[in-house]
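Each chain, letter by letter, is given below.
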Amino acid sequence: MTIAEVSTAAPPLDWRGDLYSHALRTGRGPLYLRRHDGWMLPLDVERWCGAVDEIDGLVVNRCRGAVLDIGCGPGRFAAALRRRRHRVLGIDVSPVAVERTRDNGAPALHLSVYDRLPGEGSWDTALLMDGNIGIGGDPVALLRRITHITAPGGLLITEVANSNVDERLTVHVDNGAGRRGGRFAWARIGAEALARLTSDSNWRIVEHWSRDDRAFCALRSGRAQSPTAVSPDGQPLE
C-alpha cells in the first residue's frame, strides 16, 4: 500500500509508518487499522507477505494484458503475474513494500497512484487488492484517477468489503499493544456502494464474486479515447 503528490488536493496516503514497515520486513503481524472510537480492522500481513493463494488466483486468472498493481505491498500479485509473463508494475508509497516486491522478482516503483506513472493511459488492467479501494479515503477520486491510468476499455479489479458498507474513515496503524502510527484518511466500501458510486462514472461493474470472507468486483472502463491525465480535483496534470 503507498512521494511526492501531483497536487495539494490529492488525498493523503500515509502507509509509511514504522509499524507497517516493520510488519512487511518480518512478514507477520499483528497489525490493525484503528478508528478513533477504538474499532480495529485486522490487517492480514502474513497473507500479504506469502504467495498468492487459491482466492488470489481467481484475481490473477482474470487479469489481461499489461497490469498495474496499485498499492502492491510486498508484491505477491505482481510476482505471480510476472511468472505468467504479463507486463506488470507494482507501485507503493512504502519503500519497504517496493523492496520486497523487487525481491519477489517483480518490478516496482516508489510512487503514489496520484503521481505521474509510467505508461499512463495504456494499462490494460489495474488492481486494487487488500482494501486498496480505500486509498486516500475518497473512492470516487481514486476511480477517476484510474480512468486516466488505464487504456480505453480497461479493466479494474478491486477487492471490496464483504458487506454492505460505505465508510469514510480517519485511521492509524496500530499493533494492538499500544504502538500506533500517524492518522490518515481511508475508506471501506462494499459492492452495492461501489455500484452506486460508479453509476454516473466511466466505470461499470461487470462481475462480482466472493469466496470465504473476501469479495471482489471487476469493472470495465467506458472511456473511448485517452484524455488528458487529471489530478483528484479534476485539474489537468502538467
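Moving on to the packing of helix 1 (residues 18–26) against helix 5 (residues 95–103). Two quantities define a packed helix pair, namely the angle between the axes and the distance from one axis to the other. Relative to each other, helix 1 and helix 5 sit at 15°, their axes nearing to 9 Å. As the angle between them shows, helix 1 and helix 5 are arranged roughly parallel. The chirality of how helix 1 crosses helix 5 is left-handed. On helix 5, the residues that touch S21, L24 and R25 of helix 1 are V96, A97 and R100. When its residues are assigned to classes, the contact of helix 1 with helix 5 shows three nonpolar, one polar and two charged.

Turning next to the confidence of the model for the chain. Confidence in the prediction for the chain averages 88 pLDDT; 87% of positions are at 70 or higher. Across residues 1–9, where pLDDT falls below 50, the model places 38 contacts with residues more than four positions away in sequence or in other chains. Low pLDDT (under 50) marks residues 226–238, which in the prediction has 38 contacts with non-local residues, meaning those over four places away or in another chain.

Topologically, R76 is positioned in helix 4 (residues 76–83). We classify R76 as buried; its relative accessible area is 5%. Beyond its immediate chain neighbours, meaning those up to four positions away, R76 contacts R47, W48, G50, A51, V52, D56, D130 and R214. Here the side chain of R76 touches D56 through a polar contact of 2.9 Å, side chain to side chain.

About the thresholds
- Residues numbered from 1 in each chain as written.
- Predicted model: local features only at pLDDT ≥ 70, side-chain atom pairs only at ≥ 80, totals over all residues.
- Heavy atoms only, no water.
- Axes fitted to C-alpha atoms, helices over the stretch in contact; angles between N-to-C directions.
- Helix = DSSP H or I, 4+ residues; strand = E, 2+ residues; numbered from the N terminus.
- Parallel < 35°, antiparallel > 145°, perpendicular 65-115°, else oblique.
- Left-handed = near helix turned anticlockwise from the far one by under 90°.
- Contact = heavy atoms within 4.5 Å.
- Nonpolar A, V, L, I, M, F, W, Y, C, P; charged D, E, K, R; others polar.
- pLDDT = per-residue confidence, 0-100.
- Buried < 20%, exposed > 50% of the residue type's maximum accessible area, 1.4 Å probe, protein only.
- Polar contact = N/O pair within 3.5 Å; in protein donor to acceptor, adjacent residues only side chain to side chain.

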